[in-house]
Amino acid sequence: MPDLILTNATLATMQEGGAPYGLVENGAVALREGRIAFAGPAAALPAEHARLPVQDLGGRLLTPGLIDCHTHIVFGGDRAREFEMRLEGASYEEVARAGGGIVSSVRATREASEEALVAAALPRLDALLAEGLTLIEVKSGYGLDIETELRMLRAARQLERLRPVRVLTSFLGAHAVPAEYKGRSGAYIDEVCLPALRAAHAEALVDAVDGFCEGIAFSPEEIGRVFDTARALGLPVKLHAEQLSDLGGAALAARHGALSADHLEYLGEEGIAAMAAAGTVAVLLPGAFYTLRETKLPPVAGLRAAGVPIALATDCNPGTSPLTSLLLTLNMGCTLFRLTPEEALAGITREAARALGATDCGMIAPGLRADLVAWNVAHPAELAYRIGFNPAHARWFGGLECS
Ligand code: DI6
Ligand code: FE
């Protein structure tokens, strides 16, 4: 990829400790060998970069590439009928207990080939890419048998061969109890989930291990066993916790040194303290909150006060968040959860990187990957403020400009 200088830009570096958004007016960024070699005021550009070709950004805003740190973007079928049922008055839990919900996506995913899963995921991924995505986390969890869990993860890995994007996978075998194990969740963990995890790890398909700790899914004890296996394999863990009730999932995750605990509407003081002590990131998912018409807000003020880092993600999934827009997620994070636009933007850049354990991206800073987005806006708050509008102008992935 060509080395180059981006000039005449306002940089939202998202570096902490300085100006809001790490803002630099009249900024320049030097891109060398796919990395950021310099980022700062154009006037301070070191002479060693002065002979590189220059691309004038016309005063546009430049941010880090966007990161979606929680998605279920690979799945078969859709759940529009369930959407109708919910509009007729059924709750998410009622739909799940009636054999709908996650289990119906499992049926469709088991029937889909790897190619079909990839083909279904690509338009969703493309929507995210058009808004400046450069790194996405993708979970399994709609297979719930060994073969289909592996197939989902292979499909997720395919995505980064087909598009200029980085994919980090999470094994989510403990997402739901499949029909054939109804009432025998412990046996499912032993006979399917843990063997599938070992097989997927042996095929290098797993970057992290996730679970769903909830009354309609798995108990803290069952999740603990999945986490013990993950840690034995050297894999980081994360957890869907406190989405519908408080089972102490976030504290359990924190005890296992989790990268993140996600959802958290029902998180209490103890969970917050445990996350703060462990450095576990709170991943908030306003798309699911919105779709479920949840009224209990995640404890944003408590998280802030305790210094827990907050990330935002789409939770793109067929049931509770059929959302493929990080910009709308940004807006929802502010409007529904009362995050500041600066917190929200950090949530889909710097803190999303932290939630994935990705130390080479998420900010505009020397040494990091040259994953960048130029926007047709003057100030970063505009990204969160507008609804249903995509001002992305250009995207660089590892120093390469991609449409
Ligand atoms: N929580 C969610 O919101 C999604 N998974 C989870 O553990 C929902 C998944 C689905 O309904 O298909
Ligand atoms: Fe999720």
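Summary of the structure given here. (Residues numbered from 1 in each chain as written. Chains lettered and ligands numbered in written order. Predicted model: local features only at pLDDT ≥ 70, side-chain atom pairs only at ≥ 80, totals over all residues. Heavy atoms only, no water.)

1. Details of helix α3 (residues 102-111)
- Turning to α3, its buried residues are Ile102, Ser104, Ser105, Val106 and Thr109.
- Buried residues along α3 sit in contact with α1 (80-87), α2 (92-97), α4 (114-130), α5 (146-162) and β9 (208-213). (Buried < 20%, exposed > 50% of the residue type's maximum accessible area, 1.4 Å probe, protein only. Helix = DSSP H or I, 4+ residues; strand = E, 2+ residues; numbered from the N terminus. Contact = heavy atoms within 4.5 Å.)

2. What about helix α9 (residues 269-278)?
- Here α9 has its buried residues at Gly271, Ile272 and Met275. For α9, the arc enclosing every buried residue in end-on projection is 100 degrees, short of the 170-degree limit, so these residues lie on one face. Away from its buried face, by an angle of more than 90 degrees, α9 presents the exposed residues Glu269, Glu270 and Ala277.
- Where α9 is buried, its residues meet α8 (249-255), β11 (260-263), β12 (281-284) and α11 (300-306).
- Looking one or two residues beyond α9, the residue adopting positive phi is Gly279, at roughly 70 degrees. (Arc of directions from axis to C-beta.)

3. Some remarks on the site of ligand 1
- Arg79, Tyr92, Tyr142, His175 and Thr320 are the nearest of the 14 residues found near ligand 1.
- Taking Gln243, its side chain carries an N or O atom lying 2.9 Å from a nitrogen atom of ligand 1.
- More than half of the atoms belonging to ligand 1 lie within 2 Å of the grid points that define the largest cavity.
- For the shell around ligand 1, the per-class residue count stands at 4 nonpolar, 8 polar and 2 charged. (Near = heavy atom within 4 Å. Polar contact = N/O pair within 3.5 Å; in protein donor to acceptor, adjacent residues only side chain to side chain. 1 Å grid on protein atoms, 1.4 Å probe; cavity = no way out; pocket = protein on both sides within 12 Å on 5 of 7 lines; lining within 4 Å. Sits in = over half its atoms within 2 Å of the grid points. Nonpolar A, V, L, I, M, F, W, Y, C, P; charged D, E, K, R; others polar.)

4. Describing the packing of α5 against helix α6 (residues 185-202)
- Where α5 contacts α6, the two axes come as close as 9 Å, and the packing angle between them is 40 degrees. The orientation of α5 relative to α6 falls into the category oblique. Classified by chirality, the crossing of α6 by α5 is right-handed. Between α5 and α6, the contacting residues are Ile146, Leu150 and Leu153 on the first element and Glu191, Val192, Pro195, Ala196, Ala199 and Ala200 on the second.
- Its residues assigned to classes, the contact of α5 with α6 shows 8 nonpolar, no polar and 1 charged. (Axes fitted to C-alpha atoms, helices over the stretch in contact; angles between N-to-C directions. Parallel < 35°, antiparallel > 145°, perpendicular 65-115°, else oblique. Left-handed = near helix turned anticlockwise from the far one by under 90°.)

5. Some points on the layout of surface pockets
- For the largest pocket, the calculated volume is near 590 Å³.
- What lines the largest pocket is a set of 28 residues, and nearest its centre among them are Phe83, Arg86, Thr291, Leu292 and Arg293.
- Every element with two or more residues in the lining of the largest pocket is listed here: α1, α2 and α10 (286-291).
- If one sorts the elements of the lining of the largest pocket by residue count, α1 sits on top with 4 residues.
- Split into classes, the residues belonging to the lining of the largest pocket amount to 14 nonpolar, 6 polar and 8 charged.
- Put simply, the second largest pocket is a space of about 450 Å³. (Points joined across faces, edges and corners; volume = space filled by probe spheres on them.)

6. Comments concerning the pattern of salt bridges
- Taken as a whole, this structure holds 23 salt bridges when the rule is applied.
- Arg81 is paired through a salt bridge with Glu88; the nearest N and O atoms lie 3.7 Å apart.
- The class for Arg81 is partly exposed, based on a relative accessible area of 49%.
- A residue is classified by how much of its surface remains accessible, and Glu88, at 61% relative accessible area, is exposed.
- Each of Glu16, Arg350, Glu351 and Arg354 takes part in salt bridges that share partners, so that together they form one network. (Salt bridge = Lys/Arg side-chain N within 4 Å of Asp/Glu carboxyl O.)

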